[in-house]
Amino acid sequence: ASWAACAASGSAGFDLDVLLSNSLGVEGGIAEAALTIMEHPLRLFILLAQSQAGMWVRNGVSIPGQQYVYAGSSLCETMMETDIGALQFGCCALGADDFVRVLKYRFGVSYWLDTMRGPPPSPPLTPEQTITLLEELVTLLIQ
């Protein structure tokens, strides 16, 4: 199964085996370790991006409150920078092309960045949500 097949099936989870064997053509080893190390920080940055895009409004102020604590200056060095370091390790281990491919897929913007190939995201995003997710992806890449 490809990423498109996983997305079309509505699978909200991240199938590491599918990503490694079919999409990246990598069997275990350092790539598997890198993706495992990247998983939780990547989930966190995606949650923060989705929060910025207004995709978590039904949760009230709990998500923005957690976002403030996480990115606040007192905890930034111990939390956020450590997570960015884990993603940087993933970039070094996977290589830039595969790392960006993983980020595009996980942020849900690969459809727009890959000239609208494959199935569109489900549920569909508003233009404002798409732009915010793209902005957050670029910001993460710059960090």
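A. Representation of the confidence of the model for the protein. Chain-level pLDDT for the protein is 77 on average; 76% of the residues reach the 70-or-more range. Of all helices and strands in the protein, the one with the weakest mean pLDDT is helix α1 (residues 3-8) (39), whereas helix α8 (residues 127-142) scores best (92). Note on residues 1-14: pLDDT under 50 across the span, and 19 contacts to partners over four residues away in sequence or across chains.

B. Examining helix α4 (residues 62-71) more closely. Of all the residues in α4, the buried ones are Ile63, Gln67 and Tyr70. Buried positions in α4, seen along its axis, are confined to an arc of 65 degrees and lie on one side of it.

C. The nonpolar core, seen in detail. Within the largest apolar cluster, 24 residues are counted, with the highest numbers of intra-cluster contacts made by Met38, Leu42, Phe45, Leu87, Leu94, Leu103 and Phe107. Of all the secondary structure elements, the ones that give two or more residues to this core are α3 (29-52), α5 (73-94), α6 (96-107) and α8. Take this core: its biggest share by element is nine residues, from α3.

D. View of α6. Taking 1.5 Å as the rise per residue, α6 with 12 residues should run 16 Å; its terminal C-alpha atoms sit 16 Å apart, in good agreement. Of the residues making up α6, those classed as buried are Asp98, Phe99, Val102, Leu103, Lys104, Tyr105, Arg106 and Phe107. After α6 finishes, the residue glycine 108 shows a positive phi value of roughly 80 degrees.

Reading the values: rules and limits
Residues numbered from 1 in each chain as written. Predicted model: local features only at pLDDT ≥ 70, side-chain atom pairs only at ≥ 80, totals over all residues. Heavy atoms only, no water. pLDDT = per-residue confidence, 0-100. Helix = DSSP H or I, 4+ residues; strand = E, 2+ residues; numbered from the N terminus. Contact = heavy atoms within 4.5 Å. Buried < 20%, exposed > 50% of the residue type's maximum accessible area, 1.4 Å probe, protein only. Arc of directions from axis to C-beta. Core = buried A, V, L, I, M, F, W, Y, C linked by side-chain atoms within 4.5 Å. Expected span 1.5 Å × (residues − 1).

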